[in-house]
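Chain by chain, the residues:
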Amino acid sequence: MTATQLPPAETTAPLPQSPTRRVRLRLPFSPWHLVLIPLTFLLIVPLLWMLITSLETEGEANHFPPVLFPADPQFGNYSEAWQAAPFGHFFLNSALVTLVVLASNLFICSLAGYAFARIKFLGRGVLFVTLMATLMVPFQVTMIPVFLIVKWFGDNVAEVLGIDHIGALMLPNLATAFGIFFLRQFFLTVPVELEEAARVDGTSRLGVLFRIILPLSLPALSTLAALTVLTSWNDFLWPLIVITSQDQMTIPLGLSYFQGAHRVKWPLLMAANVMSLLPMLLVFIGAQRYFVQSVASTGLKG
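Colleague: Just to check I follow, could you spell out the nonpolar core for this structure?
Modeller: In summary, soluble globular proteins display a tendency toward joint burial of nonpolar side chains. In this structure, Phe-87, Leu-169 and Phe-258 are the most contacted members of the largest nonpolar core, which totals 35 residues. Of all the secondary structure elements, the ones that give two or more residues to this core are helix H3 (76-84), helix H4 (87-118), helix H7 (167-170), helix H11 (218-233), helix H12 (237-242), helix H13 (251-254) and helix H14 (266-298). Looking at this core, the element that brings in the most residues is H14, giving eight residues. The next biggest cluster of nonpolar side chains, apart from the first, holds 21 residues, and it includes Tyr-114, Ala-198, Val-208 and Leu-209.

This is the structure in structure tokens:
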């Protein structure tokens, strides 16, 4: 009997050589930067234009086509703009209004935000929704009622809170619905166990807020402080309505000194704008990292 012959083992065919791998271009930055850099340049152009105009002569500022590089930079425009109007007094008024509004917003909005976040009371939901609804009402709708309220305070409470006084710039902005909403949302992210442990130890509600919650909420408080400073410093419409005396004017109103009925001194106006912009630029640079921390920590639950 012949032995059964096994079929020859199948020989594996050699694998085809893979085609040449694509060479990926590795950028040292995110590809989104290729889109963000041109957009950033478009946003910076108005600031650069303002800076260039502040160093030009009046003839160069009114020249067409525009002069991009002044032949002889006029740094004296800054000192001339400072002396053309009582800018020192305007700066003091703006600083006083901003500091009072800032301190009041941080204090009142912290109390109200913590109450909406942690304390259960009758009508809390309805009151919060009503408060949020006020954010949808433009200021142009409410400025006449606010004007009448401020006038009543000046006539019946204190003259410094009335029309044509610096107190009229502070009174309507002592607390904002946005500030209450912003801090309330941040307080909700703080672990409630920390408060319960403090309450067990005998700490009062205010003690929990000032000793535990607020130290943990520095990113949110810093962000709200920066936004409040920017809004208060640059406010123009409300001061234009209630202020008529020069000694009560703030920086935005003071800039109108360089705008005449038939002629505008553009170099001096731009120089004054640059000087008024510098404090806000420093505030934004100093608070920039707190914006990121606040947004990042808002999404964390304890």
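Colleague: What am I meant to see in the layout of surface pockets here?
Modeller: One water molecule sets the probe size; rolling that probe over the atoms shows where empty space is left. In this model, the largest pocket occupies a volume close to 790 Å³. Forming the walls of the largest pocket are 29 residues, and the residues nearest its centre are Phe-139, Pro-172, Asn-173, Thr-176 and Thr-231. When residues of the lining of the largest pocket are traced back to their parent elements, those giving at least two are H4, helix H6 (139-156), helix H8 (177-187), H11 and H12. Residues belonging to the lining of the largest pocket are distributed by class as follows: 17 nonpolar, 11 polar and one charged. Approximately 310 Å³ is the volume attributed to the second largest pocket. Along the wall of the second largest pocket there are 15 residues; nearest its centre are Leu-47, Asn-234, Leu-277, Met-280 and Leu-281. Taken together, the elements giving at least two residues each to the lining of the second largest pocket come down to helix H1 (33-54), H11, H13 and H14. Element by element, the count of residues in the lining of the second largest pocket is highest for H14, at six residues.

Colleague: How should I be thinking about unusual backbone geometry in this particular structure?
Modeller: Excluding glycine, a negative phi dihedral is what most residues carry, and trans is how most peptide bonds are arranged. The omega torsion of the bond from Phe-64 to Pro-65 falls at 5 degrees, within 30 degrees of zero and hence cis. Structurally, Pro-65 is set in the loop between helix H2 (58-61) and H3. A positive phi is found at Asp-164, a non-glycine position, where the angle reads about 65 degrees. Structurally, the position occupied by Asp-164 is in the loop between H6 and H7.

Colleague: Which parts of the structure should I look at to understand the packing of H4 against H11?
Modeller: For any two helices packed against each other, the geometry is given by the interaxial angle and the distance between the axes. Between H4 and H11, the least distance of the axes is 9 Å, while the angle of their chain directions is 145 degrees. In this structure, the crossing between H4 and H11 has a hand that is right-handed. Contacts between H4 and H11 involve Phe-91, Ser-94, Ala-95, Val-97, Thr-98, Val-101, Leu-102, Asn-105, Leu-106, Cys-109 and Ser-110 on the former and, on the latter, Leu-221, Leu-224, Ala-225, Thr-228, Val-229, Ser-232 and Trp-233. Looking at side-chain class alone, the contact of H4 with H11 contains 12 nonpolar, six polar and no charged residues.

Colleague: Explanation requested: the pattern of salt bridges in the structure shown.
Modeller: Applying the stated criterion across every chain yields a total of two salt bridges. Measuring nitrogen to oxygen at the nearest pair gives 2.5 Å for the salt bridge that ties Glu-195 to Arg-118. With Glu-195 in helix H9 (residues 192-200) and Arg-118 in helix H4, this residue pair connects regions lying 77 residues apart in the sequence.

Colleague: Got a minute to help me understand the packing of H9 against helix H10 (residues 205-216) in this structure?
Modeller: Contact geometry of H9 with H10 gives a least axis separation of 10 Å together with a crossing angle of 145 degrees. The chirality of how H9 crosses H10 is right-handed. Here H9 contributes Leu-194, Glu-195, Ala-198 and Arg-199 to the contact with H10, which in turn contributes Arg-205, Val-208, Ile-212, Ile-213 and Leu-216. For the contact of H9 with H10, a count of residues per class yields six nonpolar, no polar and three charged.

Colleague: Quick question: what am I supposed to make of the environment of Thr-53 here?
Modeller: Here Thr-53 is to be found in helix H1. Exposure remark for Thr-53: the relative accessible area of 9% places this residue in the buried category. As a C-alpha pair, Thr-53 and Met-270 span 217 residues in sequence and 6.3 Å in three-dimensional space. Ignoring any residue separated from it by four or fewer positions in sequence, one finds Thr-53 in contact with Ala-61, Trp-266, Pro-267 and Met-270.

Conventions used here
- Residues numbered from 1 in each chain as written.
- Predicted model: local features only at pLDDT ≥ 70, side-chain atom pairs only at ≥ 80, totals over all residues.
- Heavy atoms only, no water.
- Core = buried A, V, L, I, M, F, W, Y, C linked by side-chain atoms within 4.5 Å.
- Buried < 20%, exposed > 50% of the residue type's maximum accessible area, 1.4 Å probe, protein only.
- Helix = DSSP H or I, 4+ residues; strand = E, 2+ residues; numbered from the N terminus.
- 1 Å grid on protein atoms, 1.4 Å probe; cavity = no way out; pocket = protein on both sides within 12 Å on 5 of 7 lines; lining within 4 Å.
- Points joined across faces, edges and corners; volume = space filled by probe spheres on them.
- Nonpolar A, V, L, I, M, F, W, Y, C, P; charged D, E, K, R; others polar.
- Axes fitted to C-alpha atoms, helices over the stretch in contact; angles between N-to-C directions.
- Left-handed = near helix turned anticlockwise from the far one by under 90°.
- Contact = heavy atoms within 4.5 Å.
- Salt bridge = Lys/Arg side-chain N within 4 Å of Asp/Glu carboxyl O.

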